[in-house]
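Observations on the three-dimensional arrangement
Take a look at the letters that make up each chain.
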Amino acid sequence: MGGAAAVAGPRAGGGTMSQTLMDYDEAVRRYDPVLGLEVHVELGTATKMFDAAPNIFGAQPNTMVTPTSVGLPGALPVVNARGVEYAIRIGLALGCEIAESCRFARKNYFYPDLAKDFQTSQSDEPIAHDGALEIELEDGSFFTIPIERAHMEEDAGKNTHVGGADGRIEGASHSLVDYNRAGVPLVEIVTRPIEGAGARAPEVAATYVRTLRDIFRALGVSEARMERGNVRADVNVSLRESPDGPLGTRTETKNVNTFRGIEQVVRYEIQRQAAILAAGGEVLQETRHGQADGTTRAGRVKSDADDYRYFPEPDLVPVAPSREWVETIRASLPEMPAAKRRRLKKEWQLADDEMRDVVNAGALELIEATVLAGSSGQSARKWWMGELARAAKDREVSLEELPVSPEQVAELQGLVDSGRLTDKLARQVLDGVLAGEGGPSAVVEARGLEVVSDDSALLAAVDEALAAQPDVAEKIRGGKVKAAGAIVGAVMKATRGQADARRVRELVMERVAR
């Protein structure tokens, strides 16, 4: 088989096997990839979905629980109204229809970290259904993701495997269970088959999840911090021989919580499945787990919906949001991130590539806040994408973690605009702000960095420089205007860079012309 390579991959039972991969370009030339994404978002409600236990990240294990959280006999659930509202907000933002009535169901499956031995979810009656989301790819083109449904459910707890490599269950001596997360509100967003992505399937998948993350934050329904597992994706991939052919057998890689990881999983599964099909084999319908090296590892044979034995939750009444409530929520929705980016790009007069750089750097909100504090869009972008981006890289932190606020950046630019600072002096002031010396004005005063604006002081420095270089004046009078640069440089040195070079040049020309 041309274009194939063998890589080491883990065997389902914990051993190692050689996994043959097809070259990616050949794989997408020979087969048509189809994606399906199930994205879970933890909602930022004050309490859990079905009980009054606090919804707090990072608390001591098994302290944020009630009898309902751990499934004790006789403990009854009560639906969190704010959780329902957040689910409706998400559904509306995705262009979904909101159900007039929907029910919760028991998903019967053994969860070692969900003590009830079933998950309260929604099956054939989701809160939201039939939507679509347009995403913008790296080159500025657009792709539409069809949304089948968004439904409410609860999260499971967390298992910690002790003694296994990298915290995995293989080789572990025992496992610890923390039920703090059990019952945390979730909304799961399920796509219809995503067709037509072709070779760009990895980018389409990652961009879709990134777009959802931005929407969750804009709606205020979740902190949407990927590193905390607030947002995670189950990535389904299948291949078929042509876009007109029947769908192939899919695999589902569970709980991928980085954009890079999503891209890697899609790419790897396309290469792995292509190699199997080209060799005359069959792809096994199974769950898989993403690995740190970008590969996936076999898990269990994938269950179908019938295997979960869904049935209506007998302890919860149907949820029937009134049309008036739904429309009130619709009216309160904020501007969506994509529309906001288009508006700000126009207002800030940024080119397409400049705006993409801003978004990719995570600087959009910081620049927007700086503009709201009084700076122009171009000036705010200059600071955050220039000096501050370099400072963040040097410190190995994100822009948000730098010890400078948008208001301080706007104040700094205001000092430049007013003529009190040159760009060079402003960079020195910024160094002082980052060093914890106070705000821009305080640093200017403490360091004595303000531009020398007194013409009499500047004229004295000009006269001294001309006296030291008498031939320069003759060169200027003879038409060699560029020679004035030597005098300007001398004055800037004498004033420690605190003079306005343009004003100094004007004074030089006035002196020479006398």
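Coordinates for the structure precede this section.
All of the points below concern the structure found in this document. The structure displayed is predicted, hence computed values, not measured ones.

**Side note on the overall build of the protein**
- Along the backbone of the protein there are 17 helices and 16 strands.
- Relative to its length of 514 residues, the protein is extended, with a C-alpha radius of gyration of 30 Å against a globular reference of 24 Å.
- Its C-alpha atoms give the protein principal-axis dimensions of about 95 × 60 × 50 Å.
- Burial analysis of the protein (514 residues in total) assigns 46% to the buried set.
- Contacts spanning at least 24 positions in sequence make up 66% of the contacts within the protein whose residues lie at least 6 apart.
- Total accessible area computed for the protein in this model is approximately 24,700 Å², and 50% of it derives from carbon and sulfur atoms.

**Concerning the packing of aromatic side chains**
- Evaluation of the coordinates by the stated rule reveals 3 aromatic pairs.
- A centroid spacing of 5.2 Å and a plane angle of 85 degrees characterise the contact between F50 and F104, whose relative ring orientation is edge-to-face. Of this pair, F50 sits in the loop between β3 (32–42) and α2 (81–93) while F104 sits in the loop between β4 (97–98) and β5 (105–108), and the two are 54 residues apart along the sequence.
- A relative accessible area of 3% places F50 in the buried class.
- Relative to Y308, the ring of Y109 lies with its centre 5.8 Å away and its plane at 80 degrees, an arrangement referred to as edge-to-face. Of this pair, Y109 sits in the loop between β5 and β6 (118–121) while Y308 is found in the loop between β15 (296–301) and β16 (311–312), placing the two residues 199 residues apart along the sequence.
- We classify Y109 as partly exposed; its relative accessible area is 28%.
- Site record: aromatic cluster; members linked through ring pairs are Y109, Y308 and Y310.
- Directly above the aromatic system of Y308 lies the positively charged group of K107, at a separation of 4.4 Å from the ring centroid.
- Positioned over the ring face of F259 is R210, at 4.4 Å from the centre of the ring.

**Some details on the packing of helix α8 (residues 364–372) against helix α11 (residues 406–417)**
- Where α8 contacts α11, the two axes come as close as 8 Å, and the packing angle between them is 55 degrees. Between α8 and α11, the angle is such that the two are oblique. Read as a crossing pair, α8 and α11 show a hand that is right-handed. Along the contact surface, α8 presents L366, A369 and T370, while α11 presents P406, V409 and A410.
- Looking at side-chain class alone, the contact of α8 with α11 contains 5 nonpolar, 1 polar and no charged residues.

**Some details on the state of the cysteines**
- Enumeration according to the criterion identifies 0 disulfides in this entry.
- No disulfide involves C96; its sulfur sits 13 Å from the nearest other cysteine sulfur, which is in C102.
- Overall, C102 belongs to the buried group, its relative accessible area being 1%.

**A closer look at the sheet that holds β6**
- An order of β6-β5-β16 is seen for the 3 strands of this open sheet, with the pairing classed as antiparallel. Looking along the sheet, the strands with just one partner apiece sit at the ends: β6 and β16.

**Quick word on the side chain of Q291**
- Position of Q291 relative to the elements: it lies in the loop between β14 (286–290) and β15.
- Polar contacts involving the side chain of Q291 include one to the main-chain carbonyl oxygen of H289, which spans 3.0 Å.

**Observations regarding the packing of α8 against helix α9 (residues 377–385)**
- Packing of α8 against α9 leaves a shortest axis separation of 9 Å and a crossing angle of 135 degrees. By the criterion of interaxial angle, the relationship of α8 to α9 is oblique. For the element pair α8 and α9, the recorded crossing hand is right-handed. Between α8 and α9, the contacting residues are L366, I367, T370 and V371 on the first element and G377, A380, R381 and W384 on the second.
- Its residues assigned to classes, the contact of α8 with α9 comprises 5 nonpolar, 2 polar and 1 charged.

Rules behind the numbers
- Residues numbered from 1 in each chain as written.
- Predicted model: local features only at pLDDT ≥ 70, side-chain atom pairs only at ≥ 80, totals over all residues.
- Heavy atoms only, no water.
- Helix = DSSP H or I, 4+ residues; strand = E, 2+ residues; numbered from the N terminus.
- Rg over C-alpha atoms; globule rule 2.2 N^0.38 Å.
- Buried < 20%, exposed > 50% of the residue type's maximum accessible area, 1.4 Å probe, protein only.
- Contact = heavy atoms within 4.5 Å.
- Areas by Shrake-Rupley, 256 points an atom, 1.4 Å probe, with all protein chains shown as cover.
- Phe/Tyr/Trp six-rings, centres within 6.5 Å; stacked < 30°, edge-to-face > 60°.
- Lys NZ or Arg CZ within 6 Å of the ring centre and 35° of its normal.
- Axes fitted to C-alpha atoms, helices over the stretch in contact; angles between N-to-C directions.
- Parallel < 35°, antiparallel > 145°, perpendicular 65-115°, else oblique.
- Left-handed = near helix turned anticlockwise from the far one by under 90°.
- Nonpolar A, V, L, I, M, F, W, Y, C, P; charged D, E, K, R; others polar.
- Disulfide = S-S within 2.5 Å.
- Pairing = 2+ DSSP bridges.
- Polar contact = N/O pair within 3.5 Å; in protein donor to acceptor, adjacent residues only side chain to side chain.

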